[in-house]
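# Observations on the three-dimensional arrangement
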Amino acid sequence: MTQATDGNKERRTFLGVLLGGFSALLVAAFGWPVYRFLAPQQVGEGVSVRVDKKDIPIGAAHFFSFRGSPAVLLQPKAGEYIALSAVCTHLGCIVKWEADRGEFFCPCHAGRFAMDGTVLGGPPPKPLESLSVVLEGDQVLVG
Amino acid sequence: MMTLMVRNIGALIVVFLLAGSGFSAALAAESVCLQCHAGLEGRLAAPVAAWDSSIHAQNGISCPDCHGGDPTDFAMAMDPERGFVGVPGHGEIPEFCGRCHVGVKEDYFDSGHGRALHSGGPQCVTCHGNHAVQTASLALINREDCSRCHEYGRAEEIKAAMLDTDRLLAGIQSDLDGLAKTGIRVREMEGETFALRNDFHRLFHTVDVERVREQTAAFQQRGGEIRTEIEAVQEELTTRKLLGAGAAGLLFLVSVICFLIRKTYRDEE
Amino acid sequence: MRKRLLDFLDVRLGIRDILEQNLTKYLLPRNVNIWYTLGAVLLTLFSLQFVTGILLLVYYVPNPDEAFKSIETIMNDVPYGWLIRYLHAVGSNVIVIVLLLHMLSVLFMGSYKKPREFTWVSGFILFNLALALCLTGYLLPWSQLSFWATTVATEAAGAVPVIGDGLVRFLRGGAMVGNATLGRFFALHVMVLPAGLAALIGFHLFCVRRIGISKPPFGEEYVPTEVKDKFVHEEHPGGIPFFPNYAIKDLAVISFFLGLLVVLVFFAPGLFIPPAAFEPADPFTTPAHIKPEWYFLWAYQTLKIFPSEFLGLASQGAVMALLALLPFLDRGRERRPARRPLFVTCYLLGILLFAAISIWGHYS
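All values derive from a computational prediction rather than experimental measurement.

## Comments concerning the interface of chain B and chain C
- Between chain B and chain C, the residue contacts involve 26 residues of the former and 30 residues of the latter.
- Contributing elements (two or more residues each) for the side of chain B that touches chain C: helix 2 (23–27) and helix 14 (209–268) of chain B.
- In terms of residue count, helix 14 of chain B provides more of the side of chain B that touches chain C than any other element does, 15 residues in total.
- In terms of residue class, the side of chain B that touches chain C is made up of 14 nonpolar, six polar and six charged.

Written out as structure tokens, the structure is:
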């Protein structure tokens, strides 16, 4: 009687361990797709954006979407283009372009940036991120 | 003579394809054309059933789209004032069909067939029928039909030249249908295949073997690209099935283990 | 470590007692058969529907212009979106099958009889709620199948005398299935029905535990329980603890049905999903051979058989009422199938009729 119970206990423990292992595997097998479902890789990483030159008037700023965030293209002088991220480096608000002063102004805490991105005043700790610009025919290739 | 031939082919097609095609007739809100003609006899009623089995009916193209007239008004249904053009004569048919099938019309008039139109040569209805029109296929090029006017040899050459590409495109089409039924996004590929197939079928109407052979390479290449895309999708689907088999296997294994554990308790109960 | 945690909770919540009452000292009869596990299977499957439903809700857009596209995005662009969608769609069909099996086993064992009438009635309502969830969920992808199957299904309400047309308009939110229909069906499917289902499942389980699990009416030692006219919780002294003995059995059958679900999802998802489900809805084009899902074919065909729509609906209503009120109509104390020949005959005929009418509905 005791023998049978002992043998049973051993078998039970062994099977229990197997059960635990396979269950953990199953939980992972279902958990992984759920995680990926909720956190898909952003499409557009490393993708360049093309903007038509005619959309960027001289002395004005053209805002567009770049890899999921707002960015800005400037043409301060004819043929000269600057591309910057429009996300303020202080706390993430989007900067506005003030054409009459030739500066970027952040409405959240009055941060100021020059047209090349350097900080002119206010709380921002770093300049606006600079983006690469390549001219291609009548388009500008950013990134 | 031709009407008889057309009617025979049409009847054959109708006999084979009459199953389950009723709804399109219903959806056309039963035009007065169908309502009236269905109740007539003999050759005046025949077009209704014939059209019903056609590819035109499946795509919502009905009587007034070709013949004009007013489908909502019994009195004015066949009035020229409402655009009714009646039954086109033998020589008028290519223009008639060519109002929509423009590319084919151009190639046709460019060809030997087109040039022979007014001396008893073939036109659209000769091969495709008039009301029971089906999707074009290579089967329309056959000894029986083509040797009505000349020896089959040249037609056979063109058919052979087109066979491989036709198979490729038909294969792609059916694979895409299969994928669509599993929810895979195939709309772009389907559109391209449809355009490709149309261009390809249009090509025949020039009845010029050299042209066909020249252009075959381009079709094969583009078709090949689509096929590669499809194969990538199918590979992904196979991977999914493998993972699924693994997961199911694990679950059944867990079930068995649980039953075994249950047995150890059973022995003690 | 575990002991410390249990002690912590026990001092504050008396958890040891609760665990004992419901797990280790909850005794069941020795001959409880495998059909008793179907309740646990249903709990698991409903939970799965709930989880996959919430996940789908993250990407689904309940607007006629965007619904179909959002489902296409889920199926093609969202990682493993196809898996979540298929689990949800195929899962709903498996739930209906298990529900039918659960109901059939309860009928066969006469477990609906006094004093378990409330369990039966709440279970019957749950079955109808599940079907309503299927019906409302069906519309959400806004495919040809969704649109027209819903049109056919809501049209049936028109057979009710006097208020029929008004009822159809109320269900649809208008004359035809459209924007308004999607709005109300979405609200029903995502909030109202799940809330009702959860509440009623709670009540159903409460009834099961409160009166005590019934013993299977089989075997030579079976003696019918005396039913008194006062409350008695059915005990099974000398029985077998739920945990771990029967819990592991529940787990075994749950795993089996999950395995079955996975096989269907990966190898035959189209079994329950016809091609028309992958074409966007076109209110101006009715596809040929539109039919409701298999579990509604009996209703569909019954309506077609009767020359009068009202009779068709009334006959179905009568059958449903009969089933719902069964414990009040069948008052015999006997639960052994061998000693209920009339009931078992009707039972078998009922199953055959259901199957026959459904198959007829499929081919008609």
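There's plenty left to go through after this.
## Structural notes on the nonpolar core
- Core analysis: the biggest nonpolar cluster contains 76 residues, and Cys258 of chain B together with Val90, Ile95, Leu261, Val262 and Val265 of chain C have the highest contact counts within it.
- In terms of residues, this core owes the most to one element, helix 10 (residues 242–267) of chain C, which gives twelve residues.
- Beyond its immediate stretch of four places on either side in the chain, Val262 of chain C contacts Gly244, Ala247, Ala248 and Leu251 of chain B.

## As for the domain arrangement of chain B
Residue and element names in this part refer to chain B.
- Splitting chain B by domain gives domain 1 (1–135) and domain 2 (141–241).
- Tallying the contact residues gives ten residues for domain 1 and seven residues for domain 2.
- If you list the elements that add at least two residues to the side of domain 1 that touches domain 2, you get helix 8 (102–109) and helix 9 (112–115).
- It is helix 8 that contributes the most residues to the side of domain 1 that touches domain 2, four residues altogether.
- By residue class, the composition of the side of domain 1 that touches domain 2 is four nonpolar, four polar and two charged.

## Quick look at unusual backbone geometry
- Of note, the bond from Lys114 of chain C into Pro115 of chain C is cis; its omega dihedral lies within 30 degrees of zero at 0°.
- When you line up the elements, Pro115 of chain C lands in the loop between helix 5 (81–108) and helix 6 (117–139).
- Phi is positive for Val207 of chain B, close to 40°, though the residue is something other than glycine.
- As for its placement among the helices and strands, Val207 of chain B is situated in the loop between helix 13 (187–204) and helix 14.
- One non-glycine residue, Tyr80 of chain C, adopts positive backbone phi at about 60°.
- Within the secondary structure, Tyr80 of chain C sits in the loop between helix 4 (67–76) and helix 5.

## Considerations on the packing of helix 12 (residues 153–180) of chain B against helix 13 of chain B
Residue and element names in this part refer to chain B.
- Contact geometry of helix 12 with helix 13 gives a least axis separation of 10 Å together with a crossing angle of 160°. Classified by the interaxial angle, the pair formed by helix 12 and helix 13 is roughly antiparallel. Helix-helix and strand crossings are classified by hand; for helix 12 and helix 13 the assignment is left-handed. Mapping the contact onto sequence places Ile158, Met162, Thr165, Leu169, Ile172, Gln173 and Leu176 in helix 12 and Met189, Glu190, Thr193, Leu196, Arg197, Phe200 and Phe204 in helix 13.
- Considered class by class, the residues forming the contact of helix 12 with helix 13 number nine nonpolar, three polar and two charged.

## Remarks on the interface of chain C and chain A
- Each side of the interface is counted separately: chain C has eight residues, and chain A has six residues.
- In terms of residue count, the dominant contributor to the side of chain C that touches chain A is helix 5 of chain C (three residues).
- Looking at the side of chain C that touches chain A, its residues break down into seven nonpolar, one polar and no charged.

Criteria and thresholds
- Residues numbered from 1 in each chain as written.
- Chains lettered and ligands numbered in written order.
- Predicted model: local features only at pLDDT ≥ 70, side-chain atom pairs only at ≥ 80, totals over all residues.
- Contact = placed C-beta atoms within 7 Å.
- Helix = DSSP H or I, 4+ residues; strand = E, 2+ residues; numbered from the N terminus.
- Nonpolar A, V, L, I, M, F, W, Y, C, P; charged D, E, K, R; others polar.
- Core = buried A, V, L, I, M, F, W, Y, C linked by C-beta atoms within 7 Å.
- Buried ≥ 20, exposed ≤ 12 C-beta atoms within 10 Å, placed from the backbone.
- Domains from an automatic or database assignment.
- Axes fitted to C-alpha atoms, helices over the stretch in contact; angles between N-to-C directions.
- Parallel < 35°, antiparallel > 145°, perpendicular 65-115°, else oblique.
- Left-handed = near helix turned anticlockwise from the far one by under 90°.

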